Amino acid sequence: MIQRPRGTLDILPENAVKRLFVENKIRDIFDNFNYQEIRTPSFEKTALFKRSIGEETDIVSKEMYSFNNDEYTLKPEMTAPVIRAYLENNLYAQSPVTKLYYISNMYRHENPQAGRYREFGQFGAEAIGSFDYTVDAEMISLSIRILNEFGINDIITKINTIGSIDERKSYIISLKEYLAKYYDDLSVDSKRRLETNPLRILDSKLDIEIEILKDAPILYDFLTPETKEHFTKVLDTLKDIGIKYEVDYKLVRGFDYYTSTTFEVVSNDLGAQNAVLGGGRYDALIEQLGGNPTPAIGFASGIERLIMILDKMNFNYPAADNLKIYFVTIGEEAKRFAVKTLYDLRKQNIKCDTDYLNRSVKAQMREANKFQSEYTMVVGENELKSGISKLKKMSDGNTTDIGIQNINNLISAIL
Ligand code: HAM
């Protein structure tokens, strides 16, 4: 038996219904905030991710699904593809601020565990074209509003500012000096990153490095008054809106493109992978990808992780529509009658079904019950001859005689 690849999911009907509900609700909220949907290809040129996410990040250095001699890569995230599409399609010409959202699958070759998959769903948004602090506050509040809309309130919102690339230069020197003292204790990766991209060492998941980093210099202390003022305004606006947050000066996030505001929302209802969503500003990325200097901010959240929290909460999903009517047929002619009638009813948007296995009346009734069909109708030789059949309401067992030659009789009886 061939099985599905490790770290992937089969979303079976019961879960597909949940997911559709979740996605539709998310769409409504994005629409409510005046964000428009964008869809991009499943794969992009590998260079796009290398240039934006950064060569020394875990994603680019270890987790990309690349193919065709590394020319292409399945998208591990959406920010870079959205910006690529924004530039390629001149979206900036249509409006000075572009607000986009997406719901799509991502691919990362990670070690699978609960809440961490190799193919996973993300929803997220990007607001491109403004450096105003109000956009930061809107983006953060939008991401939290989505969680709240599902009744998820037991969360911690961590927020930080990491300044511009220039501002980080003196910090990097100081961080390098600090880490050099512990050189022998650093992993091979971190020894290399000390030369290529020391900031990425801050993302370390190794206990010994986490311990070393506890006393490392703090990036915030190296930032300019302007950056700090922007951050204060973001925090004040979040307070106005009523969003609770914790400032976390260690929150740098694992992408090179971030500048200024970064944020992450964690939930205690998730295990080790406790991040529900994350995001931040990336004011230099658009220029790096060949556009005019354009500030932007965004976030993304994992759909499976959101659903994990909902499952923990025993979230009450709305029930799916049941069948309106199930035709129990006896004999060839009745089957033919049912197929034609089903087709006509379905054209009227009536959900209905029948048996396809020539089973006994008893077995067919059992099937109708399983589907919680509102009505059943038995059609056999007698009914076809007389043109009259009994329509049975399953909730009380009451039956009504219906002339079956005219479909409208049936429609008016069941609606
Ligand atoms: P990220 O933090 O890598 O950010 O991913 C965002 C969210 O996607 C995570 O918080 C988590 O819920 C989910 N996620 C990530 N990896 C996995 C995985 N292997 N399995 C299941 N869920 C996962 C980004 O992707 C940025 N592009 C966010 C952003 C948008 N920043 C600015 N704009």
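Here is a short report on the structure shown in this document. What you are looking at is a predicted structure, and each value in this text was computed from that prediction instead of being measured.

## Description of the site of the ligand
The immediate surroundings of the ligand are formed by 28 residues, with E77, E110, Y117, E126 and Y258 found nearest. Interatomic distance of 2.8 Å between a backbone N/O atom of Y117 and a nitrogen atom of the ligand. A distance of 3.0 Å separates an oxygen atom of the ligand from a polar backbone atom of G302. With the chains in place, 96% of the 650 Å² that the ligand exposes on its own is no longer accessible. Here the residues of the shell around the ligand are counted per class, giving 12 nonpolar, 9 polar and 7 charged.

## Structural notes on unusual backbone geometry
Its identity is not glycine, yet D70 carries a phi of approximately 70°, on the positive side. Relative to the helices and strands, D70 is located in the loop between β3 (66-67) and β4 (72-74). Look at N90: it is not a glycine, yet its phi comes out positive at around 50°. The topology assignment puts N90 in the loop between α4 (79-88) and β5 (98-107).

## Quick notes on the sheet that holds β5
Across a sheet, strands are paired by hydrogen bonds formed along the backbone, either parallel or antiparallel in direction. Strand order in the open sheet formed by 8 strands is β1-β5-β6-β11-β10-β9-β7-β8, with mixed pairing between adjacent strands. Of all the strands in the sheet, just β1 (36-37) and β8 (246-247) have a single pairing partner and so form its edges. Sheet contacts for helix α1 (residues 13-32): β1, β5, β6 (119-128) and β11 (296-302); angle to β5, the most-contacted strand, approximately 160°. Against the sheet, helix α5 (residues 133-149) engages β5, β6, β7 (155-161), β9 (259-267), β10 (275-281) and β11, with an angle of about 15° to β11.

## What about helix α15 (residues 407-414)?
Since the α-helix advances by 3.6 residues per turn, residues separated by three or four positions end up pointing in the same direction. Listed as buried for α15 are L410, I411 and I414. Take α15 and look down its axis: the buried residues cluster within an arc of 100°, on one side only. Where the residues of α15 are buried, they touch β12 (325-329), α12 (332-347), β14 (375-379), β15 (388-393) and β16 (399-403). With a side-chain oxygen lying 2.9 Å from the backbone nitrogen of N408, the N-terminal cap of α15 falls on N406.

## What to know about the sheet that holds β14
Strand order in the open sheet made by the 5 strands is β13-β12-β14-β15-β16, with mixed pairing throughout. Pairing within the sheet leaves two strands with one partner each, and these edge strands are β13 (352-354) and β16. Mean inter-strand twist for the sheet, computed between neighbouring axes without regard to direction, equals 25°. Bridging between β12 and β14 involves 5 bridges; their strand directions are parallel. Looking at the pairing, V328 lines up with V378 of β14. Where α15 meets the sheet, its contacts fall on β12, β14, β15 and β16, and the angle it forms with β16 comes to roughly 155°.

## Re the packing of α1 against α5
Think of two packed helices as two axes; the pair is described by the angle between the axes and how far apart they sit. Interaxial distance between α1 and α5 falls to 10 Å at its minimum, and their mutual angle equals 140°. When the axes of α1 and α5 are compared, the pair comes out oblique. When you trace α1 past α5, the crossing you get is right-handed. Packed against α1, whose contacting residues are K25, I26, I29, F30 and N32, the element α5 presents L142, R145, I146 and E149 at the interface. By residue class, the composition of the contact of α1 with α5 is 5 nonpolar, 1 polar and 3 charged.

Definitions and limits used
- Residues numbered from 1 in each chain as written.
- Predicted model: local features only at pLDDT ≥ 70, side-chain atom pairs only at ≥ 80, totals over all residues.
- Heavy atoms only, no water.
- Near = heavy atom within 4 Å.
- Polar contact = N/O pair within 3.5 Å; in protein donor to acceptor, adjacent residues only side chain to side chain.
- Areas by Shrake-Rupley, 256 points an atom, 1.4 Å probe, with all protein chains shown as cover.
- Nonpolar A, V, L, I, M, F, W, Y, C, P; charged D, E, K, R; others polar.
- Helix = DSSP H or I, 4+ residues; strand = E, 2+ residues; numbered from the N terminus.
- Pairing = 2+ DSSP bridges.
- Contact = heavy atoms within 4.5 Å.
- Axes fitted to C-alpha atoms, helices over the stretch in contact; angles between N-to-C directions.
- Buried < 20%, exposed > 50% of the residue type's maximum accessible area, 1.4 Å probe, protein only.
- Arc of directions from axis to C-beta.
- Parallel < 35°, antiparallel > 145°, perpendicular 65-115°, else oblique.
- Left-handed = near helix turned anticlockwise from the far one by under 90°.

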